[in-house]
Amino acid sequence: MLSERRLQVLRAIVQDYVGTEEPVGSKALTERHNLGVSPATVRNDMAALEEEGYIAQPHTSAGRIPTDKGYRLFVDKLAGVKPMTAPERRAIQNFLEGAVDLDDVVARTVRLLAQLTRQVAVVQYPSLTRSTVRHVELLSLAPARVMLVLITDTGRVEQRMVDCPAPFGETSLADLRARLNSRVAGRRFTDVPTLVEDLPEGFDKEDRGTVSAVLSTLLETLVEENEERLMIGGTANLTRFGHDFPLTIRPVLEALEEQVVLLKLLGEAKDPGMTVRIGHENAHEGLNSTSVVSVGYGSGGEAVAKLGVVGPTRMDYPGTMGAVRAVARYVGQILAES
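In this text the structure is predicted, and so the values were computed from the model without any measurement.

Q: Residues and numbers for the overall build of the chain, please.
A: Scanning the chain from N- to C-terminus turns up 12 helices and 10 strands. Relative to its length of 338 residues, the chain is extended, with a C-alpha radius of gyration of 26 Å against a globular reference of 20 Å. Referenced to the eigenvectors of the C-alpha coordinate spread, the extents of the chain come out at roughly 90 × 40 × 35 Å. Sequence-distant contacts, at least 24 apart, represent 60% of the contacts inside the chain between residues at least 6 apart. Total accessible area computed for the chain in this model is approximately 16200 Å², and 50% of it derives from carbon and sulfur atoms.

Q: Explain helix α6 (residues 102-117) to me, using residue names and the numbers behind them.
A: With 16 residues, α6 extends 22 Å from end C-alpha to end C-alpha; this agrees with the ideal 22 Å at 1.5 Å per step. Of all the residues in α6, the buried ones are Leu102, Asp104, Val105, Val106, Arg108, Thr109, Val110, Leu112, Leu113, Ala114 and Thr117. Where the residues of α6 are buried, they touch α5 (86-97), β3 (120-124), β7 (230-233), β10 (305-312) and α12 (317-337). Directly beyond the C-terminal end of α6, a positive phi value near 55° is found at Arg118.

Q: Before we move on, could you go through the sheet that holds β7 and cite the residues and values that matter?
A: Spatial strand order, β7-β3-β10-β9-β8: 5 strands in an open sheet with antiparallel pairing. Edge positions in the open sheet fall to β7 and β8 (275-278), since each of these has one partner strand only. Here the average twist between neighbouring strands, direction ignored, is 15°. Lying on the sheet, helix α11 (residues 259-266) is in contact with β3, β7, β8, β9 (290-297) and β10; it crosses β7 at an angle near 90°.

Q: Can you tell me about the environment of Asp191, naming the residues and giving the values?
A: Locating Asp191 in the fold gives a position in the loop between α7 (170-184) and α8 (192-196). Taking the relative accessible area as the measure of exposure, Asp191 reaches 31% and is therefore partly exposed. Between the C-alpha atoms of Asp191 and Val324, which are 133 residues apart in sequence, the distance is 32 Å.

Q: Tell me about the side chain of Asp104, and please be specific about residues and values.
A: Position of Asp104 among the secondary structure elements: in helix α6. Every residue in contact with Asp104, bar those within four places of it in the chain, is listed here: Gly98 and Ala99.

Q: Account for the layout of surface pockets, with residues named and values stated.
A: Approximately 420 Å³ is the volume found for the second largest pocket. In terms of lining residues, the second largest pocket is bounded by 20 residues, among which Leu116, Thr117, Gln119, Asp316 and Thr320 are the most central. For the lining of the second largest pocket, the elements supplying multiple residues, two or more each, are α1 (4-20), α6 and α12. The biggest single contributor to the lining of the second largest pocket is α12, with 3 residues. Partitioning the lining of the second largest pocket into residue classes produces 8 nonpolar, 5 polar and 7 charged.

Q: Residue-level account of the sheet that holds strand β5 (residues 145-152), with values.
A: In any sheet, the strands associate via hydrogen bonds between backbone groups, in a parallel or an antiparallel arrangement. Taken in spatial order, the 3 strands make up an open sheet running β4-β5-β6, and their pairing is antiparallel. Where the open sheet ends on each side, the last strands, each with one partner, are β4 (133-142) and β6 (157-163). The average angle at which neighbouring strand axes cross in this sheet is 20°, direction not considered. Sheet contacts for α7: β4 and β5; angle to β4, the most-contacted strand, approximately 165°.

Q: With reference to specific residues and values, describe empty space enclosed by the protein.
A: Once rolled over the atoms, a probe with the size of a water molecule shows which space is left empty. Applying the stated criterion to the full structure yields 1 cavity of 30 Å³ or more. Reported here for the largest cavity is a volume of approximately 30 Å³. Forming the walls of the largest cavity are Gln93, Glu97, Tyr330, Gln333, Ile334 and Glu337. Those elements that provide at least two residues to the lining of the largest cavity are α5 and α12.

Parameters and conventions
Residues numbered from 1 in each chain as written. Predicted model: local features only at pLDDT ≥ 70, side-chain atom pairs only at ≥ 80, totals over all residues. Heavy atoms only, no water. Helix = DSSP H or I, 4+ residues; strand = E, 2+ residues; numbered from the N terminus. Rg over C-alpha atoms; globule rule 2.2 N^0.38 Å. Contact = heavy atoms within 4.5 Å. Areas by Shrake-Rupley, 256 points an atom, 1.4 Å probe, with all protein chains shown as cover. Expected span 1.5 Å × (residues − 1). Buried < 20%, exposed > 50% of the residue type's maximum accessible area, 1.4 Å probe, protein only. Pairing = 2+ DSSP bridges. Axes fitted to C-alpha atoms, helices over the stretch in contact; angles between N-to-C directions. 1 Å grid on protein atoms, 1.4 Å probe; cavity = no way out; pocket = protein on both sides within 12 Å on 5 of 7 lines; lining within 4 Å. Points joined across faces, edges and corners; volume = space filled by probe spheres on them. Nonpolar A, V, L, I, M, F, W, Y, C, P; charged D, E, K, R; others polar.

Right under this line is the structure:
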């Protein structure tokens, strides 16, 4: 375990390096921070931190910079989450409240996160498997054609066309709509198949084919593979950090283009807590020079998806964690109210 003083020295090195982008020397540390010891003692502490792998000497520079291990200790032990100011919180709320539908909420969230953190923002759409049914609407488009509209608790709307095997009257359609909603409204998507399996039996023989067609379209909508959608924004922010990426920014950009990589990066939505992955903790090689800060968001205390940011390891961790957490909280509130 590091002594309290060495932890203070590490904290000062991280703060200075993040703030100045310059390797940090012992003289500058003693001048800028009230460490209460001589530059010689600070030099000894820095030598010990370097030996243990928390800081390193880039090139032949006199100063030191934090390693992935140093940033990890900083995040776990030394960095609080910096709260947003009241005006910042109001601005977030006002901006997100202007959203007209779920796509707009996601688009605004991406833009907001990228602006607040000046990094790349990634927002996962609420997953259908973790959602509940708010309402199923059935609309007659032609005697044998029905539009099915599925509305989820997160405000997601899915529309599908159903070609019926025989004409289906308005009265039968209203009856099906009422019976269907009485079974599935407010229920988890995963429960729906069992809740509706015997529904066709309650209808006249000539209507059962249409009821089955509507139900199979509903069930297909619930299990569609493409549900894990993402939106990404602020990629141009990475160009501000050119010198933070050892060789080139290209591997980072290529990794960000792969949806599977990003989904793994954000982590499982069922783990709603704040996750910070630093440097080589990211399994994808192209992201070894980045850090990822992510958190779950959702309504009613349950995470339905993740959002987060990707930036260089030389990151303002307390500020980024504060922004990510605040935005997630407001998105959750908006979904709950929608």
